[in-house]
Amino acid sequence: MHDILVVAREKALENGEGLGEQEVLAVLNAEDDHLTELLGIAHQTRIKHCGVDVSLEGIISLKTGGCPEDCHFCSQSGLFESPVRAVTLDIAELVEAAKQSEKMGASEFCIVAAVKGPTQKLLDQVAEAIVAITDEVDISISASLGILTRDQARQLREMGVSRYNHNLETARSFFTNVVTTHTWQERKDTLEHVRAEGMETCCGGIIGMGETLEQRAEFAVQLASVEPEEVPLNFLDPRPGTPFSDRPLVPQGEALRMVAAMRLAMPRTQLRFAGGTELALGDDGTEAGLLGGANAIIGGNYLTTFGRPMERDRDAVDQAMEAGAKPGMKPGMNIGITPVGQKRDSGNGALYDTLTAL
Ligand code: SF4
């Protein structure tokens, strides 16, 4: 049997240990003949160390667009010619969105703002929103508000935020090709503040921004070193008006190898398909990815782009859970909504259209 298959089986599957950088690189370079078996090992690793559940989750944006940072993939930057207008939601709309999420079975509600880091005014607004939401809805709150100081992390923990999302985005060695207005280290420091304050971390990034396979392996191992509870895995969706608008899509085979590599680098983490998955993987690839190590997806639409209809996500989840279920195991699902997008009359329901009409 091929070396990397033996190592992946012993280390990640049997012992629950993450692969090292060279081993991850070997996964990324695996020949086509070995891909199905690698995905199978990644899937078994997920089932053994995370269980059969697949989580389907939603996100809502408190402030969309107009961000002062220059992340070259992001249509929410106010520095590019991207067609995302700056909009904000009010508290009543957030509460309504949280209620809808709960109704659909979500256990977590994530509040996101497109900012470098929160001002005190934004933190006060988030605090008010959390009180209003938790008064009426039984749901745990996560947040994604950019770079934090230790004091800001403490404030969020005291407000009741249980999980904080902050991506490292890419390998440290590639970061300056993607962002020039803040550093990789500032992002890492934020994750340390979040961890030190006792909140869970959700930390991932984007594949396909021009990084090499070596840098993808570096990134997977750097992510593993943060020990995040959740890793959102995005594939670049080249947005018009951004500096990366002309980057090619990640080919399906490369994307599937990356899914397996992430699972084998982090056997116990929740690995969530996020933006661009439907582009890089396609329908059959999304299912293959859910059978190849991923165990969570963001349902419906993403923050600034249109993803897949929710029903198709649910079908993928159903199939993945069926494939992972064993006698005596009870599959569970965390379903949410993602009501922020760019156009009205989308066919996604009244709440979606109300929120996106701002
Ligand atoms: S990724 Fe975040 S920090 Fe960077 S431009 Fe987009 S919203 Fe701003």
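Residues numbered from 1 in each chain as written. Predicted model: local features only at pLDDT ≥ 70, side-chain atom pairs only at ≥ 80, totals over all residues.

Participant: Looking at this model, I keep getting lost on the site of the ligand. Mind explaining?
Facilitator: With respect to spatial proximity, the complete set of residues near the ligand consists of Cys67, Glu69, Cys71, Cys74, Gln76, Ser77, Ala114, Lys116 and Gly146. The class makeup of the residues in the shell around the ligand is four nonpolar, three polar and two charged. (Near = placed C-beta within 6 Å. Nonpolar A, V, L, I, M, F, W, Y, C, P; charged D, E, K, R; others polar.)

Participant: Help me understand the pairing of strand E9 (residues 230-235) in this model?
Facilitator: Remember that side chains alternate between the two faces of the sheet whenever the strand is regular. In terms of burial, E9 is a largely internal element, six of the six residues being buried. Burial along E9 is two-sided: Glu230, Pro232 and Asn234 facing one way and Val231, Leu233 and Phe235 facing the other are all buried. Across three bridges, the pairing between strand E8 (residues 205-207) and E9 is parallel. When the bridges of E9 are listed, isoleucine 206 appears paired with asparagine 234. (Buried ≥ 20, exposed ≤ 12 C-beta atoms within 10 Å, placed from the backbone. Helix = DSSP H or I, 4+ residues; strand = E, 2+ residues; numbered from the N terminus. Pairing = 2+ DSSP bridges.)

Participant: Help me understand the environment of isoleucine 147, please; the structure alone is not making it clear to me.
Facilitator: Relative to the elements of secondary structure, isoleucine 147 occurs in the loop between strand E5 (140-144) and helix H6 (150-159). For isoleucine 147 and proline 118, which are 29 residues apart along the polypeptide, the C-alpha to C-alpha distance reads 7.5 Å. Residues in contact with isoleucine 147, not counting those within four places in the same chain, are Lys116, Gly117, His182, Glu186, Arg187 and Thr190. (Contact = placed C-beta atoms within 7 Å.)

Participant: Please clarify how the environment of arginine 263 should be interpreted in this entry.
Facilitator: Looking at the secondary structure, you find arginine 263 in helix H9 (residues 252-265). Along the primary structure arginine 263 and glycine 292 are separated by 29 residues, whereas in three dimensions their C-alpha atoms are 8.2 Å apart. In this structure, arginine 263 is in contact with Ala42, Thr45, Arg46, Leu271 and Gly293, ignoring residues within four places of it in sequence.

Participant: Quick question: what am I supposed to make of the confidence of the model for the protein chain here?
Facilitator: If pLDDT is low for a region, its predicted coordinates should not be looked at in detail. With 77% of its residues at a pLDDT of 70 or more, the protein chain shows a mean pLDDT of 81. Note on residues 325-358: pLDDT under 50 across the span, and 80 contacts to partners over four residues away in sequence or across chains. (pLDDT = per-residue confidence, 0-100.)

Participant: Please clarify how the UniProt feature "binding site: [2Fe-2S] cluster" (unreviewed entry) in the protein chain should be interpreted in this entry.
Facilitator: UniProt records the feature "binding site: [2Fe-2S] cluster" (unreviewed entry) at Cys110, Ser142, Cys202 and Arg272, using the numbering of this structure. Within the fold, cysteine 202 resides in strand E7 (residues 200-202). Apart from residues no more than four positions distant in its own chain, cysteine 202 is found in contact with Ser142, Arg163, Tyr164, Asn165, Pro228, Glu229, Glu230 and Pro232. Its location among the elements puts arginine 272 in strand E10 (residues 270-273). Assessed through the 22 C-beta atoms surrounding it within 10 Å, arginine 272 is described here as buried. (UniProt positions renumbered as here; feature names shortened; annotations may be inferred.)

Participant: I tried to follow the packing of helix H4 (residues 91-103) against helix H5 (residues 120-136) on my own but got confused; where do I start?
Facilitator: For any two helices packed against each other, one specifies the inter-axial angle together with the distance between the axes. Where H4 contacts H5, the two axes come as close as 9 Å, and the packing angle between them is 40°. Viewed along their axes, H4 and H5 adopt a mutual orientation that is oblique. The element H4 and its partner H5 pack so that their crossing is right-handed. Counted together, Ile91, Leu94, Val95, Ala98 and Lys99 of H4 and Glu128, Ala129, Ala132, Ile133 and Glu136 of H5 form the full contact between these two elements. When its residues are assigned to classes, the contact of H4 with H5 shows seven nonpolar, no polar and three charged. (Axes fitted to C-alpha atoms, helices over the stretch in contact; angles between N-to-C directions. Parallel < 35°, antiparallel > 145°, perpendicular 65-115°, else oblique. Left-handed = near helix turned anticlockwise from the far one by under 90°.)

Participant: What should I look at first to understand H4 in this one?
Facilitator: Structural remark: α-helix, 3.6 residues per turn; residues separated by three or four positions point the same way. The end-to-end C-alpha distance of H4, which contains 13 residues, comes to 18 Å, matching closely the 18 Å that a straight helix rising 1.5 Å per residue would cover. For H4, the full list of buried residues reads Leu94, Glu96, Ala97, Ala98, Gln100 and Ser101. (Expected span 1.5 Å × (residues − 1).)

Participant: Before we go on, may I ask you to explain the nonpolar core in this structure?
Facilitator: One recurring pattern in soluble globular proteins: nonpolar side chains tend to sit buried together. Membership of the largest hydrophobic core comes to 85 residues, with the highest contact counts inside it found for Val27, Ala220, Met262 and Ala265. Top contributing element to this core by residue count: H9, with nine residues. Those residues in contact with valine 27 that lie beyond four places of it in its chain are Ile4, Ala8, Leu19, Leu38, Arg257, Ala260, Ala261 and Leu264. (Core = buried A, V, L, I, M, F, W, Y, C linked by C-beta atoms within 7 Å.)

Participant: Got a minute to help me understand the packing of helix H2 (residues 21-28) against helix H8 (residues 213-226) in this structure?
Facilitator: For the pair H2 and H8, the least separation of the axes is 8 Å and the interaxial angle reads 130°. Classified by the angle between their axes, H2 and H8 sit oblique to one another. Once H2 is placed against H8, the crossing between them reads as right-handed. Of H8, the residues touching H2 (which contributes Glu21, Val24, Leu25 and Leu28) are Leu213, Glu214, Arg216, Ala217, Glu218, Ala220 and Val221.

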